[in-house]
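Commentary on secondary and tertiary structure
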Amino acid sequence: MAESKIYYTLDVDTGRPYQVHIGTFLLEAAGAIAREVCGGARAVVVTDSNVGPLYAQPVLKSLQDAGYAASQYTFEAGEASKRADTLIDILEFMSAHELTRSDIVVALGGGVVGDVAGFAAATYMRGCRFIQMPTSLLAMVDSSVGGKTAIDLAAGKNLAGAFWQPSVVIADVGCLATLSSEQFADGCGEVVKHAAIADADLFAELERTPLTLELLMRDLPRVAYLVARNIDIKRAVVVADERETGTRKLLNFGHSIGHAIESCAAYSLGHGTCVALGMGAICRAAAHRGICDADVPERIVALCRAHGLQGSNTFPVDELYAAALHDKKRAGDEIDVVLPHRIGACSIERIPLAEFRSLIEEGLSESEGDAQC
Ligand code: GLY
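Structure report, in brief.

In an α-helix there are 3.6 residues to a turn, and that puts residues three or four apart on one side. Relative to the 21 Å expected for 15 residues at 1.5 Å per residue, helix α2 (residues 51–65) spans 21 Å between its end C-alpha atoms, a close match to the ideal helical length. At Q57, α2 shows its largest kink, close to 30°, and the proline P58 lies no more than four residues downstream. Within α2 the residues assigned to the buried category are V51, G52, Y55, A56, V59, L60, S62 and L63. Buried residues belonging to α2 abut α1 (30–37), β3 (42–48), β4 (69–75), β5 (104–109) and β6 (129–134). Positive backbone phi, at 95°, marks G67, one or two positions downstream of α2.

Here it is in structure tokens:
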């Protein structure tokens, strides 16, 4: 059996500190890590119908080898499962398997699995330990770190949830090899976002060598390095503002318009694609207003394309605006938006809703043709 190898360990010093391990063959190390970090006697592995058949067995075996009575709960893959009845089913499963507060939930999968399993852990007996084992690029670089857990409501994405930090994050970059090129590219939306808000050097590195599935096949340590670099950006923001009262809102760059597109498309477009469209639109609006130079939208759109993020918005401004009104970033008649000043530097501005509508209009009308990311 191949040996587990940890390339990087990052400390996330939130109220309840934890570590993020990035490496290879870490599915097989899950039990030993859980034993050391969490203890407990029982474990429920929550996964979905795509990831379960690929990766649940080694994780269950490793938990059993470490002395856990481990069981698996699998739900249908996709954003449509991120809803209240899945959450209740998981909670009932945990209760039927006699999980106590000292036992653990293991979220094995992409962003949907991490969000819903994390929310179940946050609410079960008012909170039990959980481990994030992200298997998608999006979950590795973004959603598994920082403690946001949620389900969607009819009105929009992530509208019910809790901040609940995991006990440890175990990112096995080998799992990325089974992603489709679309799924891989989808995670790159958040990679481009991180570089755009916080790290001009990383942005330039990605311009020279984009993070792609092909790079994964050719140079896995480089991919582990880029994943770690992204998690480091996220880690720093989350440590500075765990509950998103201030600077953490920077992570919402491209998300106000992106979430609106996602909602109008009934979640048929990937989150990363929508974030890419949102970043393109807000940057074009910012350049139109002289907040940033024209090269900012050009470079961001080019980097998204270099990462396989291709798409176009087909929804009218009024429809997007109506969807954005349900956004968590709205505060009464105002909304927080993240505006770019240059690559690596953005600011958070609270603006009236009417002005936000104008920004959407400017961002979309400034696009060339219909290809917007
Ligand atoms: N995905 C944005 C955040 O965790 O704050």
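Right, let's get into the pairing of β5. With six of six residues buried, β5 is to be regarded as a mostly interior element. As judged from the four bridges shared by β3 and β5, these two strands associate in the parallel manner. Following the sheet pairing, V44 is matched in β5 by V105. For β5 and β6, the ladder comprises six bridges, and the chain directions are parallel. Across the sheet, the residue bridging to G109 is P134, located in β6.

Surveying the vicinity of the ligand reveals the residues D142, K148, K234, E244, R248 and L251. The side chain of D142 places a nitrogen or oxygen atom 3.1 Å from a nitrogen atom of the ligand. One of the side-chain nitrogen or oxygen atoms of K148 is found 2.9 Å away from an oxygen atom of the ligand. Here the ligand, which alone exposes 200 Å², has 89% of that area covered by the protein. The residue makeup of the shell around the ligand, split by class, is one nonpolar, no polar and five charged.

Cut-offs applied
Residues numbered from 1 in each chain as written. Predicted model: local features only at pLDDT ≥ 70, side-chain atom pairs only at ≥ 80, totals over all residues. Heavy atoms only, no water. Helix = DSSP H or I, 4+ residues; strand = E, 2+ residues; numbered from the N terminus. Expected span 1.5 Å × (residues − 1). Bend = angle between axes of the 7 residues up to and from the residue. Buried < 20%, exposed > 50% of the residue type's maximum accessible area, 1.4 Å probe, protein only. Contact = heavy atoms within 4.5 Å. Pairing = 2+ DSSP bridges. Near = heavy atom within 4 Å. Polar contact = N/O pair within 3.5 Å; in protein donor to acceptor, adjacent residues only side chain to side chain. Areas by Shrake-Rupley, 256 points an atom, 1.4 Å probe, with all protein chains shown as cover. Nonpolar A, V, L, I, M, F, W, Y, C, P; charged D, E, K, R; others polar.

In short, shape yes, function no, at least from these values alone.
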